[in-house]
Amino acid sequence: MNRRRFIAGMTAAGLTGTASAFSFFGLFGDDEPTAVELYPRRPLKASRRAFSVDESPTDEADAIGYTNFYEFGTEKGDAQRYGERFKPEPWRLTIDGECERPGDYTLEDILKPHPLEERIYRLRCVETWSMVIPWVGFPLADLLKRFAPTSRAKYVAFETLYDPEQMPGQRRAVVEWPYREGLRMDEAMHPLTLIAVGMYGETLPVQNGAPLRLVVPWKYGFKSIKSIVRIHFSEKLPVTTWNQLQPDEYGFYANVNPAVDHPRWSQARERPVGGWRRRDTLPFNGYAEEVAHLYHGMDLAKYF
Ligand code: MTE
């Protein structure tokens, strides 16, 4: 099989079923994985492997095929179908808000000082599927420190590119564009929080958030915003896309929590994409030892 461009007819086991017409989360988008590479990926060298789980990664064809990227459409695989105009290069990022060194930076400026690491992380989507992905990236903390956030910076907000020419799903107001996410400053500075530029040893495919995205492994996947163009330090809790759309269903924190169900479905178990067996979902997606202290004393059913 040509690894560079294959449309997988392979249906991930356990994902077969009827596709839903309703397009918001909860419709477990049972479409088949569509593992297309729209833009040439380059090999990346990671200098070390850190914080990795001891589990076999999801098959790459599934991880790059079974994707959510609403900027291209609400169905799994829409980025692969409608992403041919998307250009991850050249790319710029704006850094602004409560920091001493705001500015407009090229992707090269952003990436240059950071040695790349491989991190094999669990990913748990709020829709109940899960994956294990070998990301390539570097700690978000190392990037944020370069801009010298001030003491007023309590949160970090992120935005995805808004350009309906490149991202045709943005012609429909399914969410208020641009897609926005945010973290509390201590979450953003946590060593597990990653800026990913690659996966499976190569640069990110368009559908997984090229050229750079966030990865927060203990939170539901929607926090891990793709194709970032702006990072904003803020004193106030930032507006985030899913919370804005359905605040009773998607909280700002979105920590993976099997004990707190989504109003429309249970979060107790998950379906590993490409696997046969469902399994129990773990508190903080298995990262409780590393991150539970960040939420000490908080009622996690209230701050979900
Ligand atoms: N980022 C943007 N900009 N737009 C999106 O639609 N989907 C989110 C998240 N980041 C999304 C996004 C959701 S719902 C999930 S589960 C993860 O990306 C999926 O990442 P993956 O497709 O690389 O597995």
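You'll find the structure just up there.
Here the residue numbers are simple positions, counted from 1 along each chain's written sequence. The predicted origin of the model limits local features to residues at a pLDDT of at least 70 and limits the giving and counting of side-chain atom pairs to 80 or more, whereas totals for whole chains, interfaces and linings rest on all residues. Excluding hydrogens and water, the side-chain values take into account all heavy atoms of the structure.

## A word on the site of the ligand
At step 1: The immediate surroundings of the ligand are formed by 18 residues, with Tyr-70, Glu-71, Thr-160, Arg-213 and Lys-226 found nearest.
At step 2: Contacts to the ligand include Tyr-70, whose backbone N or O atom sits 2.8 Å from an oxygen atom.
At step 3: To be clear on the numbers: accessible area is Shrake-Rupley with a 1.4 Å probe, and residue cover counts the displayed protein chains and nothing else. A total of 520 Å² of accessible area belongs to the ligand in isolation, and the protein chains cover 100% of it.
At step 4: Residues were grouped as follows: Ala, Val, Leu, Ile, Met, Phe, Trp, Tyr, Cys and Pro as nonpolar; Asp, Glu, Lys and Arg as charged; and all remaining residues, including Gly, as polar. Grouping the amino acids of the shell around the ligand by side-chain chemistry returns nine nonpolar, six polar and three charged. Residues are labelled near a given molecule or strand when at least one of their non-hydrogen atoms is within 4 Å of it. In the analysis that follows, any N or O atom pair within 3.5 Å is treated as a polar contact, provided that within protein one partner can donate a hydrogen and the other can accept it, and provided that, for residues neighboring in sequence, both atoms belong to side chains.

## Topic: the packing of aromatic side chains
At step 1: Here is the rule: rings of Phe, Tyr and Trp (six-membered ring for Trp) pair when centre to centre is within 6.5 Å. Planes less than 30 degrees apart are stacked, more than 60 are edge-to-face, and the remainder are tilted. Scanning the entire structure with this criterion turns up 14 aromatic pairs.
At step 2: Ring centres 6.0 Å apart and planes at 85° place the aromatic pair Tyr-253 and Tyr-295 in the edge-to-face group. Taken together, the positions of Tyr-253 in the loop between α6 (241-245) and β12 (269-272) and Tyr-295 in the segment after α7 (288-291) put the pair 42 residues apart, joining distant regions of the chain. Residue Tyr-253 shares its accessibility class with Tyr-295, and that shared class is buried.
At step 3: Members of the aromatic cluster, each reached through a chain of ring pairs, are Tyr-155, Phe-252, Tyr-253, Phe-284, Tyr-295 and Tyr-303.
At step 4: A cation over an aromatic ring shows up here: Lys-76 above the ring of Tyr-66, its NZ or CZ 5.1 Å from the ring centre. Every helix listed is a DSSP run of H or I at least four residues long, and every strand listed is a run of E at least two residues long, numbered separately from the N terminus. Exposure classes here rest on a 1.4 Å probe applied to the protein chains alone. A residue is buried below 20% of its type maximum, exposed above 50%, and partly exposed in between. Working rule: Lys NZ or Arg CZ, within 6 Å of ring centre, within 35 degrees of ring normal, means a charge sits over the ring.

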